[in-house]
Amino acid sequence: MNKSSLEPAEIKILDALQQDARVTNQTLADQIGMSASPCWRKVRKLEDDAVIQGYRAVLDRRKIGLGVMVFIRVSIDSHSAAEALKFEQQVSDLDDVVACYSIGGDADFLLQVVARDLDTYAEFAMSVIRRLPGIKEMQSMFVLKEIKPFVAFPIKKPAQR
């Protein structure tokens, strides 16, 4: 399912749920201008189609003791599918790596890492990341200030008639 196949009501549902996933079905239905039963069925369909993949709480990382955020650009030695998959699997098991992307350009992967402080990050980078097999090069980019952290995907509201 792609965006062009989403109905206007589904787009409204997705936008509303990204803002507040704890909203009751009745409140959601009222917000988007439909009755509760059809709204519930549309939400269930979006879940069944894996458009909605889950519901999460958004945490303030600093308030849970994670004062440092770092993006690490990683280049690996071999570009074979097996080596890339091995790297991906090992990175997926690391709790401090909160996101990992395969990227194009002068690096192969971009990791988003959180740590308690700089010393904790340095220890993690040198004793864990640097020791992953196949790493040719890594570059750390420290977040000084979060200007616009990820909150929601942009979903354009249907044009009003």
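Residues numbered from 1 in each chain as written. Predicted model: local features only at pLDDT ≥ 70, side-chain atom pairs only at ≥ 80, totals over all residues. Heavy atoms only, no water.

Caption draft 1: Layout of the overall build of the chain. The helix and strand inventory of the chain stands at five helices and four strands. For the chain, the α and β elements follow one another from N to C terminus as α-α-α-β-α-β-β-α-β. Relative to its length of 161 residues, the chain is extended, with a C-alpha radius of gyration of 20 Å against a globular reference of 15 Å. Across its three principal axes, the chain shows a C-alpha extent of roughly 55 × 40 × 25 Å. When each of the 161 residues of the chain is scored for burial, the buried share is 29%. Taking the contacts inside the chain whose residues are at least 6 apart along the sequence as the reference set, 66% of them involve residues at least 24 apart. Accessible area for the chain stands at about 11,100 Å²; split by element, carbon and sulfur atoms hold 53% of it. Computing the positive centroid from 22 side-chain charges and the negative centroid from 22, the chain places the two 7 Å apart. (Helix = DSSP H or I, 4+ residues; strand = E, 2+ residues; numbered from the N terminus. Rg over C-alpha atoms; globule rule 2.2 N^0.38 Å. Buried < 20%, exposed > 50% of the residue type's maximum accessible area, 1.4 Å probe, protein only. Contact = heavy atoms within 4.5 Å. Areas by Shrake-Rupley, 256 points an atom, 1.4 Å probe, with all protein chains shown as cover. Lys, Arg positive; Asp, Glu negative; His and termini not counted. Charge placed at Lys NZ, Arg CZ, Asp CG, Glu CD.)

Caption draft 2: Region of interest: unusual backbone geometry. Its identity as a non-glycine residue notwithstanding, Ala50 has a phi of 65°, on the positive side. Within the fold, Ala50 resides in the loop between α3 (36-48) and β1 (68-76). Overall, Ala50 belongs to the partly exposed group, its relative accessible area being 42%.

Caption draft 3: Quick look at the sheet that holds strand β2 (residues 97-102). On the basis of which strands lie adjacent, the open sheet formed by four strands has the order β2-β3-β1-β4 and antiparallel pairing. Of all the strands in the sheet, just β2 and β4 (135-142) have a single pairing partner and so form its edges. Shown here is a sheet whose adjacent strand axes are inclined to one another by a mean of 20°, direction ignored. Across the face of the sheet, helix α4 (residues 81-92) comes into contact with β1, β2, β3 (109-115) and β4 while running at roughly 15° to β3. Relative to the sheet, helix α5 (residues 118-129) contacts β1, β2, β3 and β4, its axis offset from that of β4 by approximately 170°. (Pairing = 2+ DSSP bridges. Axes fitted to C-alpha atoms, helices over the stretch in contact; angles between N-to-C directions.)

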